[in-house]
Amino acid sequence: MAVERYTVRVVLDGSSASSGPSSAALGENASARGAASNLKQQQKPSVSQDKNTKVSPSTAGRSYDVHVGPGVRQYLAEVIPADAQRAAVITQANIGWAVECDTSIPRSVFNVPDGEQAKSLTQVESLCRRMVAEGFTRSDVIVAVGGGVVTDLAGFVAAVYHRGIRFVSVPTTLLAQVDAAIGGKTGVNLPEGKNLVGAFWQPHAVLCDTDMLETLPERELRSGQGEMAKYHFLGGDDLHTMSLTQRIAAAVQIKADVVASDERESDRRVVLNYGHTLGHAIETAAHYDLRHGEAVAIGLIYAAEVAFRLGRISRKRVEEHREVVASYNLPMKLPAEHAKHGDNELLALMRRDKKATKGLTFVLDSSEGVTPVMGVPESILRDALAAIR
Ligand SMILES: NC(=O)c1ccc[n+]([C@@H]2O[C@H](COP(=O)([O-])OP(=O)(O)OC[C@H]3O[C@@H](n4cnc5c(N)ncnc54)[C@H](O)[C@@H]3O)[C@@H](O)[C@H]2O)c1
Ligand SMILES: [Zn+2]
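Residues numbered from 1 in each chain as written. Chains lettered and ligands numbered in written order. Predicted model: local features only at pLDDT ≥ 70, side-chain atom pairs only at ≥ 80, totals over all residues.

### A short note on the overall build of the protein chain
Okay, so step 1: When you go through the protein chain residue by residue, the secondary structure sums to 13 helices and eleven strands.
Okay, so step 2: Looking at the protein chain residue by residue over its 389 residues, the buried ones come to 48%. (Helix = DSSP H or I, 4+ residues; strand = E, 2+ residues; numbered from the N terminus. Buried ≥ 20, exposed ≤ 12 C-beta atoms within 10 Å, placed from the backbone.)

Written out as C-alpha cells, the structure is:
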C-alpha cells in the first residue's frame, strides 16, 4: 500500500510588509489570493495528495511547503536551502532524532532545556552566542526539531540572528504540527507573561512526520487534540472521517488558508482563537497541571454555550461540539478543582486576554461559520459558565 503523505503549500498574501530572506517576489503569486478565500468557502479542506512523494521545496514567491505523513523527516536534506553551508539544529535532549538527522551539510546540534522556561531571552542570547562562536552566518540555516517550545524559540532566533536567517521546522508534537509550526508566529516569554516578545518569521519548509508522534506522552497528544477539535468548527466538518495523517494535513490546510489571508493577525486570524478566550482564563487561573489543549476543549464547549444563548447556533450544534470534544476524550467541564475560581475571577481573566484589544471579544460559531463577536451581555457569559460547571 502506498504511504499516505500530503503536501500543503502555504502561500502568503503579498500585501504584508514582512518578508523572510527567501522571499523573492512579493505579491507575485496570484494563487495567494485564491488561498485567501474566506473560511465559509473552506467547508471541505482540500488536501492535495503528494502521490509520487517527491518533495518540491518552495522557491518562488512567499510560499513554503508543509509535508505531512509517516517518515517525511527523511526529506530534511532535500528541503534545506541549496545554498546553505551549515545547519544549526536546535532541539531538546529527549528528542533523539536530531542527533542522527541527515542535513547533507555540516551541522551543529544545540540542545535547549525542556518546558516554557526555555522560551526566554536568556536562551535566545545563549543560542545566538553559541552560533557566533561556531561561525554561523546569514547564509546558513536553522533546523528546529521539537514541540512548540522549540519551534517558537528556534524560529525567533532565526528571525533575529544576523537580522534573520532561514529556518526549517520539524515539529514533533501534535500541537506543533497542527498549530505552532504553521503560520510564522515565533517568540519567547517574559517573566510578565507568555509570548510577549516575538516576530513574524516564516519557515522555509515544514516537515510534520507522524511517526514522531509515536513516542509522544499521552497528555502531550491530548493537548494537540484540543487544537484539532477546534479545527472541526473552522471548516473541518469531515475531519472525523479522516486518518491521522489526513487530519493533520487538513488542519494545516485550514490554518494555512487563514494565515495566508491575514499573516499579521488582524481580523481573520482571530478565528484561530476559537475556544481560547475561556481556555486562556482557565490556564491562568489553574494552579495545577492542565494542558493547553484540555483548556481549549473546555473553552470550545463554553463558546458553543454562549453562541447558543445568543441565538447564533442550535442546541444540536452545541451537542456536535460535545461529540467532537468527547471523541478526543477531552474534558468538557471545568475541573472540580476549579470550583474555587468563581465566575468573577474567570470573567476578569477573560477581559484581560492579550488578544482582547477592543474589549472582550469572543470568537463564536454561527450558521455562517466562526466570527468575532463583541459586547456579549455579562448575564449570558455567567449563564454559560453555569453550563460547564
Ligand atoms: N507560534 C504559534 O503559533 C504557537 C501556536 C500554539 C502554541 N505555541 C506554543 O507552543 C508551545 C507548546 O508546544 P507543545 O505543546 O508542543 O509543548 P513542548 O514543546 O513543551 O513539548 C511537550 C513535551 O514533549 C516533548 N516532546 C516533543 N516531541 C516529542 C516526541 N516526538 N516524543 C516524545 N516527547 C516529545 C518535549 O520535549 C516536551 O517535554 C507553547 O509555548 C505555546 O506558546 C505557539
Ligand atoms: Zn492554542
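### Considerations on the site of ligand 1
Okay, so step 1: Around ligand 1, the structure places 28 residues, and the nearest of them are Gly147, Gly148, Val149, Thr172 and Thr173.
Okay, so step 2: For the shell around ligand 1, the secondary-structure elements that each account for two or more residues are helix 5 (148-160), helix 6 (174-180), strand 8 (193-200) and helix 7 (218-231).
Okay, so step 3: Of the residues in the shell around ligand 1, the class split is eight nonpolar, twelve polar and eight charged. (Near = placed C-beta within 6 Å. Nonpolar A, V, L, I, M, F, W, Y, C, P; charged D, E, K, R; others polar.)

### Structural notes on helix 10 (residues 292-309)
Okay, so step 1: Taking 1.5 Å of rise per residue, 18 residues should cover 26 Å, and helix 10 covers 26 Å from first to last C-alpha, within 8% of that figure.
Okay, so step 2: Most of helix 10 sits inside the fold, with 17 of its 18 residues counted as buried.
Okay, so step 3: At the exit of helix 10 stands Gly311, carrying a positive phi of roughly 75°. (Expected span 1.5 Å × (residues − 1).)

### Side note on the confidence of the model for the protein chain
Okay, so step 1: Here the protein chain averages 85 in pLDDT, and 83% of its residues register 70 or above.
Okay, so step 2: This model gives residues 14-47 a pLDDT under 50, and the stretch forms 71 contacts once residues within four places in sequence are excluded.
Okay, so step 3: Counting contacts from residues 51-60, a segment whose pLDDT is below 50, to residues more than four positions away or on other chains yields 17 contacts. (pLDDT = per-residue confidence, 0-100. Contact = placed C-beta atoms within 7 Å.)

### Observations regarding the sheet that holds strand 2 (residues 63-69)
Okay, so step 1: Strand order in the open sheet formed by seven strands is 1-2-9-6-5-3-4, with mixed pairing between adjacent strands. Where the open sheet ends on each side, the last strands, each with one partner, are strand 1 (6-11) and strand 4 (107-111). Averaged over neighbouring strand pairs, the angle between their axes works out to 15° when direction is ignored.
Okay, so step 2: With five bridges connecting them, strand 2 and strand 9 (residues 205-209) associate as parallel partners. (Pairing = 2+ DSSP bridges. Axes fitted to C-alpha atoms, helices over the stretch in contact; angles between N-to-C directions.)

### Things to note about the packing of helix 9 (residues 276-285) against helix 12 (residues 343-351)
Okay, so step 1: Across the interface, helix 9 lies against helix 12 with an axial gap of 9 Å and an inter-helix angle of 115°. As helix 9 packs across helix 12, the resulting crossing turns out to be right-handed. Contacts between helix 9 and helix 12 involve Thr277, Leu278, Ala281, Thr284 and Ala285 from the first element and Glu345, Leu346, Leu349 and Met350 from the second.
Okay, so step 2: Grouping the constituent residues of the contact of helix 9 with helix 12 by class yields six nonpolar, two polar and one charged. (Left-handed = near helix turned anticlockwise from the far one by under 90°.)

### Considerations on the environment of Asp365
Okay, so step 1: One can find Asp365 in the loop between strand 10 (361-364) and strand 11 (371-374).
Okay, so step 2: For Asp365, a count of 24 C-beta atoms within 10 Å translates into the label buried.
Okay, so step 3: Residues in contact with Asp365, not counting those within four places in the same chain, are Phe233, Ala303, Ala304, Ala307, Arg312, Ile313, Arg317 and Val370.

### As for the pairing of strand 10
Okay, so step 1: Two elements, strand 10 and strand 11, share four bridges in a ladder whose sense is antiparallel. Each bridged residue has a counterpart across the sheet, and for Thr361 the counterpart in strand 11 is Met374.
Okay, so step 2: From the end of strand 10 to the start of strand 11, which pair antiparallel, there are six residues, and Gly369 there has a positive phi angle of about 105°.

### Topic: the environment of Ser108
Okay, so step 1: On the secondary structure map, Ser108 appears in strand 4.
Okay, so step 2: Given 16 C-beta atoms within 10 Å, Ser108 falls into the partly exposed group.
Okay, so step 3: Considering only alpha carbons, one finds Ser108 and Ile90, 18 residues apart in sequence, at a separation of 8.6 Å.
Okay, so step 4: Among all residues touching Ser108, those that are not within four sequence positions of it are Ala88, Val89 and Glu134.

### Some words on the packing of helix 10 against helix 13 (residues 378-387)
Okay, so step 1: Two elements in contact, helix 10 and helix 13, have axes whose closest approach is 9 Å; the angle formed by their N-to-C orientations is 130°. It follows from the interaxial angle that helix 10 and helix 13 lie oblique. When you trace helix 10 past helix 13, the crossing you get is right-handed. Along the contact surface, helix 10 presents Tyr302, Glu305, Val306 and Arg309, while helix 13 presents Ile380, Leu381, Asp383, Ala384 and Ala387.
Okay, so step 2: A breakdown of the residues in the contact of helix 10 with helix 13 according to their chemical character gives six nonpolar, no polar and three charged. (Parallel < 35°, antiparallel > 145°, perpendicular 65-115°, else oblique.)

### Let's talk about unusual backbone geometry
Okay, so step 1: One non-glycine residue, Arg163, lies in positive phi territory at about 65°.
Okay, so step 2: Position of Arg163 relative to the elements: it lies in the loop between helix 5 and strand 6 (166-171).
Okay, so step 3: In this model, Asn195 sits at a positive phi of 55°, which is unusual for a non-glycine residue.
Okay, so step 4: With respect to the helices, strands and loops of the structure, Asn195 is situated in strand 8.

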